[in-house]
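Letter by letter, the chains look like this.
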Amino acid sequence: MLEIAIGIMLCGCALGAGIAMIAGIGPGIGEGNAVAKACEAIGRQPESKSAVTSTLIMGCALAETTGLYALVIALLLILLAPGRFVDVLMNAVG
Amino acid sequence: MKKFDPTVIAETRYIAAFVAVLSLLMEGVFLVLGKWDYTVLLGNLLTGSVSILNFFLLGVTVTKAMTKDEKDMGSFMKLSKTYRSLMILAVAGIGLGFKCFNDVAVILPLFFPQVGIYARGLKLRNSNVVSEGGEQDAV
């Protein structure tokens, strides 16, 4: 019974990590769109290239934050959570 | 040596300075709490440097993507994002997997560049408000 409980726990952690990584799709698409629009802006006003590039880099870095949160949560779920959960279960069982 | 865009270098320099300041602050907090040891320093150095490298690679990718066709741009950015995520995953995995790195000191520096960007946005917004107020006074 204990083995089944640990198995379900590990399965839940792995599934949770996988679902968390879905959030990594959005920033990639958003960055692609942002760069395309920045190119249009530079095409219209070539003299503002430096300002547009600077804002674009900062915007892309900010857009990546959600992906980074997802990555960290997935890492915690894979590397740290199983050990802690198993410890909690073992203590509860005694 | 390969020439990089001056904007990318300037922004990376700003982010590196901000990461260094926040890292020092974090080390100080650990010292005050009495939980500082060499693992905190190692974890901070590991992911602090990787977060700066990630930002620099993002800047290089953006400047490179601007020279590509509109169709290739999106896929180029997505590919870069995937590779950079894998890099962070590997480094953070090493940091969390080995006991010689403090877990908290490994995770926190990954978000320092974003904190720096938010702080810069706030600073710019405040300076805009001040300059608008000054213009109104002059009128």
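Conventions used here
Residues numbered from 1 in each chain as written. Chains lettered and ligands numbered in written order. Predicted model: local features only at pLDDT ≥ 70, side-chain atom pairs only at ≥ 80, totals over all residues. Heavy atoms only, no water. Helix = DSSP H or I, 4+ residues; strand = E, 2+ residues; numbered from the N terminus. Rg over C-alpha atoms; globule rule 2.2 N^0.38 Å. Buried < 20%, exposed > 50% of the residue type's maximum accessible area, 1.4 Å probe, protein only. Contact = heavy atoms within 4.5 Å. Areas by Shrake-Rupley, 256 points an atom, 1.4 Å probe, with all protein chains shown as cover. Lys, Arg positive; Asp, Glu negative; His and termini not counted. Charge placed at Lys NZ, Arg CZ, Asp CG, Glu CD. Buried area = accessible area lost by both parts, 1.4 Å probe. Salt bridge = Lys/Arg side-chain N within 4 Å of Asp/Glu carboxyl O. Axes fitted to C-alpha atoms, helices over the stretch in contact; angles between N-to-C directions. Parallel < 35°, antiparallel > 145°, perpendicular 65-115°, else oblique. Left-handed = near helix turned anticlockwise from the far one by under 90°. Nonpolar A, V, L, I, M, F, W, Y, C, P; charged D, E, K, R; others polar. pLDDT = per-residue confidence, 0-100.

Peer 1: What exactly am I supposed to notice about the overall build of chain A here?
Peer 2: Of the regular secondary structure elements, chain A holds 3 helices and 0 strands. What you see in chain A, going N to C, is helices and strands ordered as α-α-α. What you see for chain A is a C-alpha radius of gyration of 21 Å, clearly larger than the 12 Å of a compact globule of 94 residues, by over 25%. On the principal axes, the C-alpha backbone points of chain A span a range of 70 × 15 × 10 Å.

Peer 1: Explain the overall build of chain B here, please?
Peer 2: A count of helical and extended segments in chain B gives 5 helices and 0 strands. Element order for chain B, N to C, with α for helix and β for strand: α-α-α-α-α. In terms of C-alpha radius of gyration, chain B reaches 19 Å, well past the compact-globule figure of 14 Å for 139 residues. With respect to the three principal axes, the spread of C-alpha positions in chain B is 60 × 45 × 25 Å. Per-residue burial over chain B gives 40% buried out of 139 residues. Looking at chain B alone, contacts between residues at least 24 apart form 72% of all its contacts between residues at least 6 apart. As presented, chain B carries roughly 8300 Å² of accessible surface, and 68% of it is formed by carbon and sulfur atoms. In chain B, the 14 positive side-chain charges and the 11 negative ones have mean positions that sit 8 Å from each other.

Peer 1: What is the right way to look at the interface of chain B and chain A in this model?
Peer 2: By convention, interface size is frequently given as the accessible area that disappears when the constituent parts associate. Taken together, the 34 residues of chain B in the interface contact 33 residues of chain A. Approximately 2900 Å² of surface area, both sides summed, lies buried where chain B meets chain A, with 81% of it carried by carbon and sulfur atoms. If you sort the residues of chain B by the area they bury against chain A, Met66(B), Lys81(B) and Phe111(B) come out on top, with a joint share of 20%. Scanning the region where chain B abuts chain A turns up 2 salt bridges.

Peer 1: What exactly am I supposed to notice about the packing of helix α3 (residues 49–93) of chain A against helix α1 (residues 6–33) of chain B here?
Peer 2: How two helices pack is summed up by the angle between their axes together with the distance between the axes. For the pair α3(A) and α1(B), the least separation of the axes is 10 Å and the interaxial angle reads 45°. Compared by their axis directions, α3(A) and α1(B) come out oblique. In this structure, α3(A) meets α1(B) at a crossing whose hand is right-handed. Of the residues in α1(B), those in contact with Ser50(A), Thr53(A), Ser54(A), Ile57(A) and Met58(A) of α3(A) are Thr7(B), Val8(B), Glu11(B) and Tyr14(B). Tallied by class, the residues present in the contact of α3(A) with α1(B) amount to 4 nonpolar, 4 polar and 1 charged.

Peer 1: Would you mind going over the confidence of the model for chain B with me for this structure?
Peer 2: Predicted coordinates in regions of low pLDDT should not be interpreted in detail. Residues and elements named next belong to chain B. With 94% of its residues at a pLDDT of at least 70, chain B reaches an overall mean of 86. α1 holds the highest mean pLDDT among the elements of chain B, 93, whereas helix α5 (residues 112–138) holds the lowest, 76. Interface confidence in the predicted complex, given as ipTM, is 0.76; pTM for the same model is 0.83.

Peer 1: What is the right way to look at the pattern of salt bridges in this model?
Peer 2: Pairing is possible between side chains that carry opposite charge, provided their charged atoms lie close to one another. Per the counting criterion, the structure on display carries 4 salt bridges over all chains. Notably, a salt bridge pairs Glu11(B) with Arg120(B), separated by 2.5 Å at the nearest N-O pair. Remark: Arg120(B) occurs in helix α5 and Glu11(B) occurs in helix α1; sequence separation between them is 109 residues. Where salt bridges share partners, they join Glu31(A), Glu64(A) and Arg84(B) into one cluster.

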